[in-house]
Structures are given as C-alpha cells and as structure tokens.
Amino acid sequence: MLLLLIVLSVLIELPTNSAFNQSELVRIPRHNYYGAEPSLYYTNFNPFRPYWLNRPHYLDNFGGGGMLDPIQGRSRLSSRLGLTPVRDELEEEISSRLLGKAGMKQGNTQGNSFFSMRNPLATYEPCGSSNGEEDGICLAGPVCSFYGGRATGGNCRRATTCCVNEVSKCGALVTLNNTYWQAPAAVSSESTCGLTVKMDRTLIEQRVTTCQLRLDFISFSISQPNAQSVCNVDSLQIAGTINKVPIICGDNDGQHMYLTLPHAAASAQLVFTFGTSTAARTWRIKIAMLPCGSDYLAPNECLQYFTTAIGSVMTFNWKDVATGTSTRQLANQDYYICFRTELVNKQSSAQVATVLCVQECQTSAAKAFSISGTDMARSQTLDDTSCNNDFLLFPGGTSHPTVGTVRPRDRFCGTVFAQESESGSTQTICSTVKPFRMFYRTNGDETITATVDSASTGNQGFCLAFEHRLT
C-alpha cells in the first residue's frame, strides 16, 4: 500500500516538472500601453488553444480578466470580433513552432490557410476603388460589410476588396485610414458638429505611428464670412496639430490640408460651428493617416503641399464666381504653401526643375488675384507700406520677362499679380529659391485699416497656376 501511494504521488507531480512543459515556456515581449520599455514574462504556450491567440492584449497590460478595454473608442469591428493586434515577435514565435511541427518552411506563408484565416483583418493597406474616384483600405468582403463599409473591388489582393469607410454623423470617432466624413442629412443652426481622429498604434487597424493627417475637401460649403472677412457665422476649426491651421468657412471644394501631429499624438479634432443662417451646410472630407517615415509627408510647417509639375493653387473660399464687392478673402490666414521639386521633361530625358513660375489662373467671372488692394486693377503701389497687412510672399520671385520698373520685393498684393509698381497688367513671377514655397498672410479685418485694406475692390484671395521649369 505504501509503495502504491509513493508511485501515485510521483505521477501526480510529474506534469508540472516534466521536460515537455519546461520546453513550452515561451519568452514573450510584454508591451506597456503607456509607452514604457517592454518587459519579459513567461507563459505556458499551447498552440492548439485558440484562446491564447485571441487573448486581449490589455489583459496582459492591466493584469487580469474582467476589465474593460482601456483603449476607449476602439473600432467596433475589432472589438466585436474579439480580434486584437498580434505583435511581429509573437507571430514569429508562433509561426516557427507551428510550421516546424507541420514540416513547412516559415518563409513561404502566402498560401498557408492558417495565416490567411487566422486574422481576417490582417491587411489595412490603402487602396483605390475600381471607379478610381475613392480610396479605402483592403479588407475581406464580409468584414467590410460587417463594419458598414462599401466593397468597391479595386486593386487589393488575397481575396480582399477595397473597402470605402464612411461616417455621416456628429461626434464620431475615426481610427481607420481613408475614412470619408459626410455631412449629416440635416444640420441645425446654433449647433456644433465634430469628429475625432484617434491615433494609437496598439489598435489593430493602426500598425505604425501616424505623423500627419491629410484632409481632402471633396465638397465643402458653409456660410460666407462677414464684411470684415471673419468667419463669424459658420466655421471649421481644427485642434491637436503643431502647424498653423487657420479657421475657414465658405466654399472649399477641391482644397486640402496637411495636419502635422505632435510626437506620440493621441487625437486630432475637427469641429464645425454653425450660427443662425439659411445657407446649406454640406461637406465630404477624406481623412488619410500618413505614417512616419513616408516619402509623401509634407515638409514641416506646410499646410498645403503640391506634388505635381503643373497645377493651380488657390486660397480657401476662392471660387470662380462674380461677387461684385462682396469679400471672399478670409481673415487670419497665416500658413505656408509648399511645392515638391519635380522632374521636368527635356527632349528624351527628365531633369530636376530649377525654377518655379506662377501666374494668374484663367477665370470666367472672378478676379484671379485680389488681396486687399487699394485701387481697382492695380498691383502693389509705390508706397513702402504696401502689402504690410495682407500679402502673398513668394521668396525670390521676380517678373519673367522683366517689364518696366520693377521693385526688388517678393511680397505681392493688390488686384493684379505683378511685380511692376502700379501695373495694370499681370505678369509671370518665377523663383529659383528652394525649397519652393509661398507664405500667405491676412490680418483680422478688411476695412478697419482703410488705407491698406479696402472692401470696395471685392477682395477674393487668389487662384494661381504654377509650373516647374528648367533655367
């Protein structure tokens, strides 16, 4: 009897001390949600227990089950499906063990059903829809439908579709790249409508740190500014950035903004404020998340960034419509407009542009250039105080070809884009100063400083056509 008890005790203790269980101790990096250095812990690893793969990462960070997800605003898709981020180190550990047992090589996982089915949200790569008019992210079709997006085909692979995500309400929280914010069906006066973009690389849909947001105003129409060029009725304000982002209103179809985020940014806010007005309020804004290290980030301090050899740049609320003396120029517009240096074709080869040239756009009704000029159809005046309040600065800009008496200055204002003093004819202005950029400034009024600002000219802002050239 005594011998039988001894044998039973040995058998009972054997599993916890066996070499098999010791070999299952896996070294897993444990990441701290608040940014602390990862620590290491050990856990019993069972590759055939699905709970371990789907274990919420916040349980590891906060020490136990039954707690709520501390990452508030997590996309409902990943929350409802119970899917959580799988770290690269973790995937390597799991794949090496599973593929080793299955006799497969780790390097070739494209056709492995385990890797394609383990996480239906494994790719969030940007994509273009099949019609070429919208952008989205690559998702499996059922997952796209579950989330409320629209499957548009597109250029995705591995049985995924280009899923276009849309938000059409106030107070929404966005965590997905290439999300479209559509105006609600009805927008009330004396109200606000906001949206928060959340950045958190611990979310499964954000695998890298976001450094910038790009906003594309597909459509944008709210109330016009008052006579002082101030957006005192309706406005859009943006918070959470480190570059200057002015308050805007009016019509801004086709415009864009780059929002530079502070290090380890948590969120950015877009807030519409509506006063009493009968004007229709509509907008559709695409929100793109640009990862750090991308070659398509805008330079620091640049609110707008143009990456084509030819194109046009216009101030916010400029529109090709006849307005008489009603101002469309907006107050307190202090921001940089930047241009990437492009290649220019010369015969059979392409060379880097050395000159950026700018001239007035061709319009049908509106003035192409009108920045607080004191006289109709006149460029900057001989007075040294000209272009002190409102102006466009084009560093190194000179007329090409030189016509008449030209003052060596690169600030431009008035109602004609020209460097020649008191000119009534527009000119082409070119600069060799790199990086190519402009600075646009307006003060906070339109008629208070009457000797410089004048509403009688119907200030519109500007629309300028640009072209990269060789010297």
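Refer to the structure presented above.
A quick note: this is a predicted structure, and the numbers were derived from the prediction, not measured. (Residues numbered from 1 in each chain as written. Predicted model: local features only at pLDDT ≥ 70, side-chain atom pairs only at ≥ 80, totals over all residues. Heavy atoms only, no water.)

**Student:** It is not clear to me how the sheet that holds strand S7 (residues 172-174) should be interpreted in this structure. Could you clarify?
**Tutor:** Within a sheet, each strand pairs with its neighbour through backbone hydrogen bonds, oriented either parallel or antiparallel. Taking strand neighbours across the sheet as the criterion, the four strands line up as S7-S9-S13-S11 in an open arrangement whose pairing is mixed. Two strands lie at the open edges of the sheet, namely S7 and strand S11 (235-239), each paired on one side alone. Looking at each pair of strands side by side, their axes are set apart by 20° on average, direction ignored. In this sheet, strand S9 (residues 191-198) lies alongside S7 in parallel orientation, the contact comprising three bridges. Paired with Leu173 across the two strands is Thr196, which belongs to S9. (Pairing = 2+ DSSP bridges. Helix = DSSP H or I, 4+ residues; strand = E, 2+ residues; numbered from the N terminus. Axes fitted to C-alpha atoms, helices over the stretch in contact; angles between N-to-C directions.)

**Student:** Looking at this structure, how should I read the pattern of salt bridges?
**Tutor:** Working definition: two side chains of opposite charge can pair if their charged atoms are close together. What the rule picks out here adds up to eleven salt bridges. Linking Arg284 and Glu166 is a salt bridge whose minimum nitrogen-to-oxygen distance equals 3.1 Å. Here Arg284, found in strand S14 (residues 282-291), pairs with Glu166, found in strand S6 (residues 160-167); they are 118 residues apart in sequence, far enough to count as distant. Classification of Glu166 by relative accessible area gives partly exposed; the value is 36%. Here Arg281 ties to Asp234 by a salt bridge, and the two come within 2.8 Å at their closest N and O atoms. On the criterion of sequence distance, the pair formed by Arg281 in the loop between strand S13 (267-274) and S14 and Asp234 in the loop between strand S10 (210-221) and S11 is long-range, its members being 47 residues apart. (Salt bridge = Lys/Arg side-chain N within 4 Å of Asp/Glu carboxyl O. Buried < 20%, exposed > 50% of the residue type's maximum accessible area, 1.4 Å probe, protein only.)

**Student:** When you look at the state of the cysteines in this model, what are you seeing that I'm missing?
**Tutor:** One way to say it: the disulfide is the covalent bond shared by the sulfur atoms of two cysteines. Counted according to the given criterion, the structure contains ten disulfides. Between the sulfur of Cys144 and that of Cys163 lies a disulfide, 2.1 Å long from S to S. As the torsion about the S-S bond is roughly 80°, the Cys144-Cys163 disulfide counts as right-handed. Of this pair, Cys144 sits in helix H8 (residues 141-147) while Cys163 sits in strand S6, and the two are 19 residues apart along the sequence. Residue Cys144 shares its accessibility class with Cys163, and that shared class is buried. Here Cys302 is linked by a disulfide to Cys338, with a sulfur-sulfur distance of 1.9 Å. Its S-S torsion of about -75° marks the bond between Cys302 and Cys338 as left-handed, since a negative value means left-handed. Taken together, the residues Cys302 in strand S15 (residues 302-306) and Cys338 in strand S17 (residues 335-339) connect sequence positions 36 residues apart. Looking at Cys338, the relative accessible area reads 3%, which means it is buried. (Disulfide = S-S within 2.5 Å.)

**Student:** What is the right way to read the packing of aromatic side chains from this model?
**Tutor:** For any two aromatic rings, the description comes down to two numbers: the centre-to-centre distance and the angle of the planes. Counting across every chain of the model gives 19 aromatic pairs. Ring centres of Phe306 and Phe339 lie 5.6 Å apart, and the angle between their planes is 20°; this geometry places the pair in the stacked category. In this pair, Phe306 sits in strand S15 while Phe339 sits in strand S17, placing the two residues 33 residues apart along the sequence. In this pair, the class of Phe306 matches that of Phe339, namely buried. Seen from the ring of Phe391, Arg411 lies directly overhead, with NZ or CZ sitting 4.1 Å from the centre. Over the ring of Tyr336 we find Arg437; its NZ or CZ atom is 4.9 Å from the centre of that ring. (Phe/Tyr/Trp six-rings, centres within 6.5 Å; stacked < 30°, edge-to-face > 60°. Lys NZ or Arg CZ within 6 Å of the ring centre and 35° of its normal.)

Nothing here speaks to function; it is geometry throughout.
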